[in-house]
Amino acid sequence: MSFSRDVALDYLRQAHEQNRLAHAYLISGDANSGKRQLAADLAGLVNRLPAEEVFRGGSDVYLTEPESKSRRIVIEQIRELEHALQMRAPAGRRKVAIIAEADRLQPQAANAFLKTLEEPPNDSLLLLLSALPEVLPDTIISRCIEIQLAPSDQSPPSEEETHLVDLLGTISPENFAGVRDAFRIVQGFQRSLAKMRETIQEENAAALKRDEMRYKNTTDGSWLENREDHYKALTESLYLQKRARLMEILFRWWSDVLRAKSGVAMRDLPNARKQTEAIAQRLSTGEILQRIRRLEELRDYLGRNIQEALALEVTFLKVFRF
């Protein structure tokens, strides 16, 4: 069962007031569910701090998140965290460890952190945040109390997002023709990206034209040139945000495949249940996890501005060939 962030915080506040807080929580939910904010709220609650000050340092809160070029959490980061947790907390406070994107733990790092979960330091509170908790080792999940957050973004899906879900719904392992159909999926994804970029460019071009008409007689030419640069930057920023939302659909789809394989009833994309269950029957758990890792690598590549079209084609051929 999933909860809103407010309901989850009320539950944790009551547990704190009754001295019943667990030593470790796994806070799961999609990118818009408020995982990080809930962690800040809880850390602020136990240490009597405003939530907005939690991540500013010096508050007995230790944040660990992917920092390496591979966008993984490496064992050196976990060892540094363990050292910090061994320090004595001031009276009346707790040492709070927050591991953001915990599903990005390298295997060695996960094994090292497991020892901390098994023998938590005194006055410590361990918070793991993850959009893909199914990827975490069972040994870690079993030592945490999971709090699943419902999405907070109630905005309807865009036309491109709906199209992508429909496109993924055409996948049938029995009739999938390998490379040809994998190319069909990537080409559909690329067409959605192209349409998004074109729409954003048109909207910003119209906004720039309105600015030019409004201010051409009241400002000098340099202001309008700067305004043009502003809209160019805005176009790219909006495109990257919308591309990230399409990537999130892919993660949700494959997460549903993994849930079906694991016997978990919840689905992020219930309308695609038939297809994701069919894929789950065809692939092993290891093969599903490997495809999720490929998508993580693709997200990292795109974040480093590697050629978009090539990165998409190479990855989709690995992810959507059955």
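Here is what the cut-offs are and how they apply
- Residues numbered from 1 in each chain as written.
- Predicted model: local features only at pLDDT ≥ 70, side-chain atom pairs only at ≥ 80, totals over all residues.
- Heavy atoms only, no water.
- Helix = DSSP H or I, 4+ residues; strand = E, 2+ residues; numbered from the N terminus.
- Buried < 20%, exposed > 50% of the residue type's maximum accessible area, 1.4 Å probe, protein only.
- Contact = heavy atoms within 4.5 Å.
- Areas by Shrake-Rupley, 256 points an atom, 1.4 Å probe, with all protein chains shown as cover.
- Lys, Arg positive; Asp, Glu negative; His and termini not counted.
- Charge placed at Lys NZ, Arg CZ, Asp CG, Glu CD.
- Axes fitted to C-alpha atoms, helices over the stretch in contact; angles between N-to-C directions.
- Parallel < 35°, antiparallel > 145°, perpendicular 65-115°, else oblique.
- Left-handed = near helix turned anticlockwise from the far one by under 90°.
- Nonpolar A, V, L, I, M, F, W, Y, C, P; charged D, E, K, R; others polar.
- Core = buried A, V, L, I, M, F, W, Y, C linked by side-chain atoms within 4.5 Å.
- pLDDT = per-residue confidence, 0-100.
- Pairing = 2+ DSSP bridges.
- Salt bridge = Lys/Arg side-chain N within 4 Å of Asp/Glu carboxyl O.
- Phe/Tyr/Trp six-rings, centres within 6.5 Å; stacked < 30°, edge-to-face > 60°.

**Comments concerning the overall build of the protein**
Part 1 of the reasoning: Along its length, the protein carries eleven helices and six strands.
Part 2 of the reasoning: If you line up the protein on its principal axes, its C-alpha atoms span 65 × 60 × 35 Å.
Part 3 of the reasoning: Burial status across the protein gives 44% buried among its 322 residues.
Part 4 of the reasoning: For the protein, contacts bridging at least 24 residues in sequence account for 75% of all contacts bridging at least 6.
Part 5 of the reasoning: Approximately 17000 Å² of the protein is accessible, and the part contributed by carbon and sulfur atoms is 48%.
Part 6 of the reasoning: With 46 positive and 48 negative side-chain charges, the protein shows a separation of 3 Å between the mean positions of the two kinds.

**Brief notes about the environment of Val 135**
Part 1 of the reasoning: For Val 135, the position within the fold is in the loop between strand E5 (124-130) and helix H5 (138-141).
Part 2 of the reasoning: In this structure the C-alpha to C-alpha distance between Val 135 and Arg 293, which are 158 residues apart in sequence, comes to 9.5 Å.
Part 3 of the reasoning: If near-sequence neighbours (up to four positions away) are discounted, Val 135 is found in contact with Asp 103, Leu 258, Leu 289, Ile 292 and Arg 293.

**So, the packing of helix H3 (residues 75-85) against helix H4 (residues 107-118)**
Part 1 of the reasoning: Running from amino to carboxyl end, H3 crosses H4 at an angle of 15°, the nearest separation of the two axes being 8 Å. By the angle class used here, H3 and H4 are roughly parallel. Crossing handedness for the pair H3 and H4: right-handed. Seen from H3, the contacting residues are Ile 75, Ile 78, Leu 81, Glu 82 and Leu 85; seen from H4, they are Gln 108, Ala 109, Ala 112, Phe 113 and Thr 116.
Part 2 of the reasoning: For the contact of H3 with H4, the residue count by class is seven nonpolar, two polar and one charged.

**A look at the nonpolar core**
Part 1 of the reasoning: One finds Phe 189, Leu 250, Trp 253, Trp 254, Phe 316 and Phe 320 to be the most contacted residues of the largest nonpolar core, which totals 39 residues.
Part 2 of the reasoning: When residues of this core are traced back to their parent elements, those giving at least two are helix H6 (159-168), helix H7 (179-215), helix H8 (221-262), helix H9 (273-282), helix H10 (285-303) and helix H11 (308-319).
Part 3 of the reasoning: If we skip the residues at most four places from it in the chain, Phe 189 touches Leu 164, Leu 167, Leu 246, Met 247, Leu 250, Leu 312 and Phe 316.
Part 4 of the reasoning: Membership of the second largest hydrophobic core comes to 25 residues, among which are Leu 12, Ala 15, Leu 42 and Ile 147.

**Notes on the confidence of the model for the protein**
Part 1 of the reasoning: The predicted model of the protein averages 85 in pLDDT, with 91% of residues at 70 or higher.
Part 2 of the reasoning: When the elements of the protein are averaged for pLDDT, strand E1 (residues 2-3) gives the smallest value, 74, and E5 the largest, 95.

**As for the pairing of E5**
Part 1 of the reasoning: When you tally the buried positions in E5, you get seven out of seven residues, the bulk of the element.
Part 2 of the reasoning: Judged by which residues are buried, E5 turns out to be covered on both faces: Ser 124, Leu 126, Leu 128 and Ser 130 on one side and Leu 125, Leu 127 and Leu 129 on the other are all buried.
Part 3 of the reasoning: As paired elements, strand E2 (residues 24-28) and E5 share five bridges and run parallel to each other. Within E5, the position partnered with Tyr 25 by the bridge is Leu 127.
Part 4 of the reasoning: Of the pairings in the sheet, the one linking strand E4 (residues 95-99) to E5 comprises five bridges and is parallel in character. Residue pairing for E5: Ile 99 is matched across the bridge by Leu 128.

**Observations regarding the pattern of salt bridges**
Part 1 of the reasoning: Within the structure shown, the criterion is met by 19 salt bridges.
Part 2 of the reasoning: Linking Arg 184 and Asp 181 is a salt bridge whose minimum nitrogen-to-oxygen distance equals 3.3 Å. Remark: Asp 181 and Arg 184 occur in helix H7; sequence separation between them is three residues, near one turn of the helix.
Part 3 of the reasoning: Residues Arg 259 and Asp 268 are paired through a salt bridge, measuring 3.3 Å at the closest nitrogen-oxygen approach.
Part 4 of the reasoning: Residue class for Arg 259 comes out buried when judged on its relative accessible area of 3%.

**Remarks on the packing of aromatic side chains**
Part 1 of the reasoning: Scanning all chains against the criterion turns up five aromatic pairs.
Part 2 of the reasoning: When the ring of Trp 253 is compared with that of Trp 254, the centres are 5.2 Å apart and the planes differ by 80°; the resulting orientation is edge-to-face.
Part 3 of the reasoning: An angle of 55° between the planes, with centres 6.2 Å apart, marks the rings of Trp 253 and Phe 320 as tilted. Highlighted residues: Trp 253 in helix H8 and Phe 320 in the segment after H11, separated in sequence by 67 residues. For the pair shown, Trp 253 and Phe 320 are each scored as buried.

**Describing the sheet that holds E5**
Part 1 of the reasoning: Spatially, E1-E6-E2-E5-E4-E3 is the arrangement adopted by the six strands of the open sheet, whose pairing is parallel. The sheet terminates laterally at E1 and strand E3 (61-64), the two strands that pair on one side only.
Part 2 of the reasoning: Examined bridge by bridge, E2 and strand E6 (residues 145-149) share four bridges and lie parallel to one another. If you follow Tyr 25 over to E6, its bridge partner there is Ile 145.
Part 3 of the reasoning: Sitting on the sheet, H3 touches E3, E4 and E5, and the angle it makes with E4 is about 165°.
Part 4 of the reasoning: Packing of H4 onto the sheet brings it into contact with E2, E4 and E5, and relative to E5 it is tilted by some 135°.

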